[in-house]
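Summary of structural features
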Amino acid sequence: MIHLILFLGVGLSQDRTALKWETRTLAIDSNEGIDVADFNRDGLTDVVAGRNWYAAPDFIPRPVRTIEDWSGYVLSNGDFAVDLNADGWPDVIAGAFNLPEVYWYENPGQPGLGQGKMWKKHLLMDTGAQENEGQFLRDLDGDGIPEWVVSSWNAKTPLVLWQFEKWPVESVTASDGSAVIASKGAAVRKIVIGENLNGHGLGFGDVNGDGHDDILFESGWYEAPSTGLFSRPWKLHADWKIHASLPILVRDLNEDGKADVIVGRSHDYGLYWWEQKDPSPDGSTIWAEHLIDDSFSQPHCLHWADLDGDGEDELITGKRVHAHNGKDPGGNEPPCIYYYKWRTDKQNFDRYLIDEGRVGGGLQIRTADLNKDGRLDIAVAGKSGTYILFNQGE
């Protein structure tokens, strides 16, 4: 049973400009994945986005891999920087929209990085899935090793994750020097979370307050078992239906002891926070929906970070550029990116401008101090290009 109480027109206050931002363009292409790490181990945080990595402080593009274009997209939907083989050099795991294979790209270290060499491509796993909206690395069982969790836009496919049974993985080089080789040390195991439903959108958080991360998606949430986390399917709570953002965020905004939800309509207008109320007699969760912003469409990716250094995180999101090649409502309107501050006294969000008309969103937003000035900057990639938004303070 779905219980959703609507409170429309609540949440969007006047636009304000508090923090100033300097925009630097890194690339113009249609790549939508991005991550940050110190790839060359010089003490500075670098950026990786699709085909290239960008070394601080100049952020000039340097090659990582080749990626084919596909139907208005780049055939890549997420970058994850992690030292997968534990050699001290951060590697990159890359997802793809319609490829069942997941590959990782091995950081060549020095002198390979300095010579602009391509990174070796290794097969991490063959998921058998070809309708991949996005994926996350999330340590659900608390063993220090993240699981690979996949969102599919096809609601009829199972929701699954892949557990690494061996970590780190082994770097194996074929005898003929081939770059495309299976990493035999990965030892991943497929875990079925729910046979019933998958669907657009994915998030993690303790919905019911039992101390375990649950998984949220388009049609509700899967409750984590109290024991035997990966030994049986999780209980489905079909408590809502929304073409949801990636991620869906979970946080107790109003400090009432119950987890609330922040979610965007990823291919339409509408950014909301859902206030969790007391459950119904049948155990279904009840949510009061509060509008944050409906002035732009396609808030596909959401991110939390403390941008102004006050100890409280801000919500960062914006319009994903041409998410369905301009066919969504508002799909051809100008790009934009904003941050929002939660106001406890008013129980809503105030919006602040980062950029309008130039920078839009993609599938990932990352924050890090990219110029060593003590403030968090924003790195974002989408079909308007790959950018760093340098935080200039107030």
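Quick note: structure is the one above.
Let's talk about the pattern of salt bridges
Tallying each qualifying case throughout the model produces 21 salt bridges. With its nearest N and O atoms 2.6 Å apart, the salt bridge here joins glutamate 32 to arginine 320. Linking glutamate 32 in the loop between strand E2 (20-27) and strand E3 (35-37) with arginine 320 in the loop between strand E27 (314-318) and strand E28 (336-343), this pair joins segments that are 288 residues apart in sequence. Across the pair, arginine 320 and glutamate 32 agree in class, each one buried.

What to know about unusual backbone geometry
Most peptide bonds adopt trans geometry, and most residues besides glycine take a negative phi value. In this structure, the amide linkage connecting alanine 56 to the following residue, proline 57, adopts the cis form with an omega of 5 degrees. Among the secondary structure elements, proline 57 is positioned in the loop between strand E5 (52-55) and strand E6 (60-63). Cis rather than trans, the peptide bond between glutamine 110 and proline 111 has omega equal to 5 degrees. By the element assignment, proline 111 lies in helix H1 (residues 109-112). Phi is positive for phenylalanine 59, which is not a glycine, with a value near 55 degrees. One can find phenylalanine 59 in the loop between E5 and E6. Look at alanine 86: it is not a glycine, yet its phi comes out positive at around 55 degrees.

Quick word on the environment of threonine 344
Tracing the backbone shows threonine 344 in the loop between E28 and strand E29 (348-356). Distance from threonine 344 to aspartate 308, taken between C-alpha atoms, is 17 Å for residues 36 residues apart in sequence.

So, the environment of proline 90
Topologically, proline 90 is positioned in the loop between strand E9 (78-82) and strand E10 (91-95). The spatial distance from the C-alpha of proline 90 to the C-alpha of glycine 330 is 38 Å, given a sequence separation of 240 residues. The residues contacting proline 90, other than those within four sequence positions of it, are Ala37, Asp38, Phe39, Val82, Asp83, Asn107 and Trp119.

Each value, and the rule that gives it
Residues numbered from 1 in each chain as written. Predicted model: local features only at pLDDT ≥ 70, side-chain atom pairs only at ≥ 80, totals over all residues. Heavy atoms only, no water. Salt bridge = Lys/Arg side-chain N within 4 Å of Asp/Glu carboxyl O. Helix = DSSP H or I, 4+ residues; strand = E, 2+ residues; numbered from the N terminus. Buried < 20%, exposed > 50% of the residue type's maximum accessible area, 1.4 Å probe, protein only. Contact = heavy atoms within 4.5 Å.

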